[in-house]
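Listed here are the chains, written in short residue letters.
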Amino acid sequence: MNRSCVLLSKTKGLYNKSAKPINAILEKNKGQNRQNAVGCSYTNLASAAERNSLMQQIHHCQTKRKHKDLELVISSYAFRLCVRNHHSCSKEHRNCWNCGRDTSPETELFFCDCGMVQKPANDLTYFDLMQLPAGFDIDLKLLSEVYKETQKKLHPDKFSNKSEEECKFAVEQSSLLNKAYNTLQKPLSRALYLLELKGLTIEEDLNFDDPEFLMEILSINEQISSAECSEDLNKLEAGTNKTIDEISKKLSQLFKANNYEGAKFATIRLRYYTTIQERIAELKRSKLG
């Protein structure tokens, strides 16, 4: 049984048994606290950054006495490791559906050397697809070049005389490429995606408990509502853009330091200011129209 299958088996056990997995982990690590026990159980399966993130989540659950959430945190963590390991194994061997040869995960993601468009590599990250290192700071010029060049090759006109299967794969590849490009192009969606890769999500209806920040946002929205001319909106837009740049720089530092909890809260702030930015742009368009 290969490693991914072993992980899958272990993960199913975590999901199929309620509190038993945690008790079992703790039993095997007597003399250590909950955090160290869980951390040691997965030391060989995750990076130090991911273990630190897990420890922070566990500490939060302990502080709030949310024992049920603690079980979910551990189960979810193990599941993500399992899926990632399975993907890393599967993406090493992608055979061309036409010629049958083992294609290169770097140079033949979209087309095999035999000329045939390939099935979408849904097991890869958007960074892999766009040939970029995973991180908040990316080469936007390279992102655009890869996107445009690949989309040209996937254009429907190039498949007008191809088989139905080739056309299907081309459409699916084009759709996946669009999702990757649109996600990585903007700071907010890129930050959200990086957090998602680490198992952290930000709900749309999340209540952000920072009265001072919320008052700041309220004040800006009131200024937008009372703006009387384009000049007023331009000033507000300049201030908003400056703040977004500052938050983006902070996010860059946080992601480089593997501080994902800090990045999560910075991303929430970025989302508020991005909404303001979009509102101002919409008002400017309507006034010009």
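Residues numbered from 1 in each chain as written. Predicted model: local features only at pLDDT ≥ 70, side-chain atom pairs only at ≥ 80, totals over all residues. Heavy atoms only, no water.

1. Some words on the pattern of salt bridges
With the rule as written, the count across this model stands at seven salt bridges. The residue R101 makes a salt bridge to E108 at a minimum N-O spacing of 2.6 Å. Overall, R101 belongs to the partly exposed group, its relative accessible area being 34%. D137 is the salt-bridge partner of K256, the closest N and O atoms lying 3.4 Å from each other. Of the two residues, K256 is situated in helix α11 (residues 230-256) and D137 in the loop between α6 (126-129) and α7 (140-153); the sequence distance between them amounts to 119 residues. By relative accessible area, which is 44% here, D137 ends up partly exposed. (Salt bridge = Lys/Arg side-chain N within 4 Å of Asp/Glu carboxyl O. Buried < 20%, exposed > 50% of the residue type's maximum accessible area, 1.4 Å probe, protein only. Helix = DSSP H or I, 4+ residues; strand = E, 2+ residues; numbered from the N terminus.)

2. Quick look at the state of the cysteines
Throughout the structure, instances matching the rule amount to zero disulfides. Unpaired in terms of disulfides, C99 finds its nearest cysteine sulfur in C96, a separation of 3.7 Å. For the unlinked cysteine C112, the closest cysteine sulfur is that of C114, found at 3.5 Å. (Disulfide = S-S within 2.5 Å.)

3. A short note on the packing of helix α8 (residues 164-185) against helix α9 (residues 187-197)
Two elements in contact, α8 and α9, have axes whose closest approach is 5 Å; the angle formed by their N-to-C orientations is 105°. With respect to each other, α8 and α9 are oriented roughly perpendicular. Here N182, T183, L184 and Q185 of α8 come into contact with α9, specifically with P187, S189, R190 and Y193. Per-class residue counts for the contact of α8 with α9 are three nonpolar, four polar and one charged. (Axes fitted to C-alpha atoms, helices over the stretch in contact; angles between N-to-C directions. Parallel < 35°, antiparallel > 145°, perpendicular 65-115°, else oblique. Contact = heavy atoms within 4.5 Å. Nonpolar A, V, L, I, M, F, W, Y, C, P; charged D, E, K, R; others polar.)

4. Re the environment of P156
One can find P156 in the loop between α7 and α8. Taking the C-alpha atoms as reference points, P156 and S174, separated by 18 residues in sequence, lie 9.5 Å from one another.

5. Brief notes about the packing of α7 against α8
Interaxial distance between α7 and α8 falls to 11 Å at its minimum, and their mutual angle equals 165°. What the angle tells us is that α7 and α8 run roughly antiparallel. Considering the relative orientation of α7 and α8, their crossing is left-handed. Residues L140, L143, S144, Y147, T150 and Q151 of α7 form the contact with α8, whose own contacting residues are S174, L177, N178, Y181, L184 and Q185. (Left-handed = near helix turned anticlockwise from the far one by under 90°.)

6. Considering the packing of aromatic side chains
Taken as a whole, this structure holds eight aromatic pairs when the rule is applied. Note on W97 and F169: the rings are 5.4 Å apart at their centroids and 70° apart in plane angle, and the pair reads as edge-to-face. You can see W97 sitting in the loop between β1 (94-95) and β2 (102-103) and its partner F169 sitting in helix α8, a full 72 residues away along the chain. By relative accessible area, which is 5% here, F169 ends up buried. With 6.1 Å between their ring centres and 55° between their planes, F213 and Y273 make a pair best called tilted. Pair noted here: F213 is in helix α10 (residues 211-225) and Y273 is in helix α12 (residues 260-288), with a separation of 60 residues, a long-range link. For the pair formed by F213 and Y273, the shared burial category is buried. An aromatic cluster of three or more residues is present, and its members are Y126, F127 and Y193. For R190, the ring lying beneath its charged end belongs to F136, and the centroid distance is 5.1 Å. Directly above the aromatic system of F213 lies the positively charged group of R269, at a separation of 4.5 Å from the ring centroid. (Phe/Tyr/Trp six-rings, centres within 6.5 Å; stacked < 30°, edge-to-face > 60°. Lys NZ or Arg CZ within 6 Å of the ring centre and 35° of its normal.)

7. Here we look at the confidence of the model for the protein chain
Here the protein chain averages 77 in pLDDT, and 66% of its residues register 70 or above. The spread of mean pLDDT over the elements of the protein chain runs between helix α3 (residues 34-41), the lowest at 37, and α9, the highest at 96. Every residue in residues 1-46 scores below 50 in pLDDT, and together they form 63 contacts with partners more than four places removed in sequence or on other chains. Below a pLDDT of 50 lies the segment residues 79-91, which in the model reaches 25 contacts outside its immediate sequence neighbourhood of four places, other chains included. (pLDDT = per-residue confidence, 0-100.)

8. Things to note about α10
A rise of 1.5 Å per residue sets the reference length of α10, with its 15 residues, at 21 Å; its end C-alpha atoms lie 21 Å apart and thus fit the reference within 8%. Among the residues of α10, those classed as buried are F213, I217, I220 and I224. For α10, the arc enclosing every buried residue in end-on projection is 60°, short of the 170-degree limit, so these residues lie on one face. Summarising the geometry of α10, the exposed residues directed more than 90 degrees from the buried face are P211, E212, M215 and S225. (Expected span 1.5 Å × (residues − 1). Arc of directions from axis to C-beta.)

9. Regarding the nonpolar core
L129, M130, L184, L251, F255 and Y273 are the most contacted members of the largest nonpolar core, which totals 52 residues. For this core, the secondary structure elements donating two or more residues are α6, α7, α8, α9, α10, α11 and α12. Excluding anything up to four places from it in sequence, L184 contacts Y126, F127, M130, L132, I138, L140, L143, R190 and Y193. (Core = buried A, V, L, I, M, F, W, Y, C linked by side-chain atoms within 4.5 Å.)

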